[in-house]
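What follows is the residue order along each chain.
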Amino acid sequence: MDDQTRMLTGLAGLSGLTQPDVGDPDSVRKQQSLVQPQQDIGDILQQIMAITDESLDEAQARKHALNCHRMKPALFSVLCEIKEKTVLSIRGVQEEDPPDPQIMRLDNMLLAEGVSGPEKGGGSAAAAAAAAAAGGSPTDSSIEHSDYRAKLAQIRQIYHSELEKYEQACSEFTNHVMNLLREQSRTRPISPKEIERMVAIIHRKFSSIQMQLKQSTCEAVMILRSRFLDARRKRRNFNKQATEVLNEYFYSHLSNPYPSEEAKEELAKKCGITVSQVSNWFGNKRIRYKKNIGKFQEEANLYAVKTAVDAANVSAQASQANSPATPNSGGYPAPCYTPDGRL
DNA sequence: ACCAATGATTTGGC
DNA sequence: GCCAAATCATTGGT
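Residues numbered from 1 in each chain as written. Chains lettered and ligands numbered in written order. Predicted model: local features only at pLDDT ≥ 70, side-chain atom pairs only at ≥ 80, totals over all residues. Heavy atoms only, no water.

Engineer: How would you sum up the protein's contact with DNA strand C? Please name residues and give values.
Structural biologist: Lining the immediate environment of DNA strand C, one finds 13 residues, of which Arg-235, Tyr-258, Arg-286, Ile-287 and Lys-290 sit closest. Near the protein, meaning within 4 Å, the atoms of DNA strand C are sugar or phosphate in a fraction of 85%, with bases accounting for the rest. Separating a phosphate oxygen of DNA strand C from a side-chain N or O atom of Arg-236 is a distance of 3.0 Å. The leading source of residues in the surface near DNA strand C is helix α12 (residues 275-291), at five residues. Of the residues contributing to the surface near DNA strand C, the split by class is three nonpolar, one polar and nine charged. (Near = heavy atom within 4 Å. Polar contact = N/O pair within 3.5 Å; in protein donor to acceptor, adjacent residues only side chain to side chain. Helix = DSSP H or I, 4+ residues; strand = E, 2+ residues; numbered from the N terminus. Nonpolar A, V, L, I, M, F, W, Y, C, P; charged D, E, K, R; others polar.)

The following block contains the structure:
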């Protein structure tokens, strides 16, 4: 039996009780209504329709009149009695539903994406600093990155303002309903539990609206994300300086070209790229170098000279052209010098 | 348009 | 989780 049916039976009980039991002070009218029910209903309808034409003051006066009516306590007690009978069956219906797994998923995702939860101010500042440290113009990837962050911030802002709006509307509406119920409790019995239930119903409704908001926010983030990833797949070559830094490291560690996590971070910072990009680069470089050492000979020598010159400059012994510092004991063959005498 | 270079991704082994 | 290897997809020079 659902609530609606219960309500209907409750109402049926009400009419059954009130009509014969509650004495109508206007016996003439009662008789009339018994004799001519059609006309009476028409009369009531007319009265109801007339309500819309009444001014607010008139309505207030009417309400006041009802509250002060001498039969009001009697009506109230009758309503109480009816309620006693019906409330028992209503009580304990679907109390406290568990938190929706769907909404929990959405919440987790929004939190993970940084839409909800604390603002990530430090990250952007660090990225900007890294871009500045990389020297000169920021790379394209960082432009895309900031674009992504800006869009995400936009989504975040919309999400929060909407959420706030909903929450405000919810509390306003709840207040309104509670006031209404309190007002009505003067004429009909309303338990605090009922008010609570009503509030719960309102909150459920609003949370379903909230879920829609969360869902569409998630969608927006996903779309943004996929666009960003697509943009990343549209690769840009690293700038000359970055390649230089990476190659320098590679050829000066040719015996063991596997940078540690710290070294990768350092290189990433120097080049203005991510650590995984550094890893990709070294992965590609190792395999391509190994596959065709000959092809990389020139490059290897170039960087060998570079590091040698650097080392020489540092040690302030430029006159002695030492062989490059390429400690070699591992799997990657050392570069050999070109026969054209370029060292 | 073609093609080598190159950054990113996938696959499979450890 | 890192690596090698293969492969994909784009870039940039010709």
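What follows continues from the structure just given.
Engineer: Explain the nonpolar core to me, and be specific about the residues and the numbers.
Structural biologist: If you look at the biggest cluster of nonpolar residues, it comprises 19 residues, and the most contacted ones within it are Leu-246, Phe-250, Tyr-251, Leu-267, Val-278 and Phe-282. Within the residue set of this core, elements represented by two or more residues are α10 (240-252), α11 (261-271), α12 and α13 (293-315). Broken down by element, the residue count for this core peaks at six residues, all from α10. If sequence neighbours within four positions are ignored, Leu-246 has contacts with Phe-238, Leu-267, Cys-271, Ile-273, Val-278, Trp-281 and Phe-282. (Core = buried A, V, L, I, M, F, W, Y, C linked by side-chain atoms within 4.5 Å. Buried < 20%, exposed > 50% of the residue type's maximum accessible area, 1.4 Å probe, protein only. Contact = heavy atoms within 4.5 Å.)

Engineer: Give me the side chain of Lys-285: which residues, what numbers.
Structural biologist: By secondary structure assignment, the location of Lys-285 is in helix α12. Once residues within four sequence positions are removed from consideration, Lys-285 is found in contact with Asn-247, Phe-250, Tyr-251, Phe-296 and Glu-299.

Engineer: Can you tell me about the environment of Glu-266, naming the residues and giving the values?
Structural biologist: By secondary structure assignment, the location of Glu-266 is in helix α11. Relative accessible area serves as the criterion here: at 48%, Glu-266 is assigned to the partly exposed category.

Engineer: Explain the pattern of salt bridges to me, using residue names and the numbers behind them.
Structural biologist: A pair can form between side chains of opposite charge whenever their charged atoms are brought close. Per the counting criterion, the structure on display carries four salt bridges. A salt bridge links Asp-107 to Lys-214; the shortest N-O distance between them is 2.8 Å. Residue Asp-107 is found in helix α6 (residues 101-112), and its partner Lys-214 is found in helix α9 (residues 192-233); the two are separated by 107 residues along the sequence. Judged by relative accessible area, Lys-214 falls into the buried class, the value being 7%. One salt bridge in this structure joins Arg-186 and Glu-183, with 3.7 Å as the shortest N-O distance. The partly exposed category is assigned to Arg-186, whose relative accessible area is 45%. (Salt bridge = Lys/Arg side-chain N within 4 Å of Asp/Glu carboxyl O.)

Engineer: So what's going on with α11? Which residues, and what values?
Structural biologist: Taken together, the buried positions of α11 are occupied by Ala-263, Lys-264, Leu-267, Ala-268 and Cys-271. For α11, the angular spread of the buried residues around the axis is 135°, confining them to a single face. Exposed residues pointing more than 90 degrees away from the buried face of α11 are listed as Glu-262 and Lys-269. Here the buried face of α11 lies against α10 and α12. Of the residues flanking the end of α11, it is Gly-272, one or two places downstream, whose phi is positive at about 70°. (Arc of directions from axis to C-beta.)

Engineer: Give a description of the packing of α10 against α12 that names residues and reports values.
Structural biologist: Where α10 meets α12, the axes come as close as 11 Å, and the angle between the chain directions of the two elements is 55°. Taken together, α10 and α12 sit at an angle that is classed as oblique. Two packed elements cross with a definite hand, and for α10 against α12 that hand is right-handed. Contacts from Thr-243, Leu-246, Asn-247, Tyr-249, Phe-250 and Tyr-251 of α10 reach α12 at Val-278, Trp-281, Phe-282, Lys-285, Arg-286 and Tyr-289. Among the residues forming the contact of α10 with α12, the class breakdown is eight nonpolar, two polar and two charged. (Axes fitted to C-alpha atoms, helices over the stretch in contact; angles between N-to-C directions. Parallel < 35°, antiparallel > 145°, perpendicular 65-115°, else oblique. Left-handed = near helix turned anticlockwise from the far one by under 90°.)

Engineer: Pulling in residues and values, what's your account of the environment of Gln-212?
Structural biologist: Within the element layout of this structure, Gln-212 appears in helix α9. Of the residues examined, Gln-212 reaches a relative accessible area of 55% and is grouped as exposed. It is 9.5 Å that separates the C-alpha atoms of Gln-212 and Ile-103, two residues lying 109 residues apart in sequence.

Engineer: Break down the packing of aromatic side chains for me, with residues and values.
Structural biologist: One pass over the full model with this rule turns up 10 aromatic pairs. Considering the side-chain rings of Tyr-249 and Phe-282, the 5.7 Å spacing of their centres and the 85° angle between planes classify their relative orientation as edge-to-face. With a gap of 33 residues between them, Tyr-249 in helix α10 and Phe-282 in helix α12 connect regions that are remote in the sequence. In this structure Tyr-249 comes out as buried when scored by relative accessible area, which is 18%. Residue Phe-282 is classed as buried on the basis of its relative accessible area of 1%. (Phe/Tyr/Trp six-rings, centres within 6.5 Å; stacked < 30°, edge-to-face > 60°.)

Engineer: Outline the packing of α12 against α13, supporting the account with residue identities and numerical values.
Structural biologist: In contact at an axis separation of 6 Å, α12 and α13 are set at 115° when each is read in the N-to-C sense. Considering their axes alone, α12 and α13 lie roughly perpendicular with respect to each other. Contacts between α12 and α13 pair Lys-285, Arg-288, Tyr-289, Lys-290 and Lys-291 from the former with Ile-293, Phe-296 and Glu-299 from the latter. Class assignment for the residues of the contact of α12 with α13 results in three nonpolar, no polar and five charged.

Engineer: Got a sec to walk through the confidence of the model for chain A? Specific residues and values, please.
Structural biologist: Across chain A, the average pLDDT comes to 72, with 66% of residues at 70 or higher. Least confident of the elements in chain A is helix α7 (residues 121-133), whose mean pLDDT is 40; most confident is α12, at 95. Counting contacts from residues 121-143, a segment whose pLDDT is below 50, to residues more than four positions away or on other chains yields 13 contacts. Confidence drops under a pLDDT of 50 for residues 337-343, and excluding neighbours within four residues, the segment shows eight contacts in the predicted structure. (pLDDT = per-residue confidence, 0-100.)

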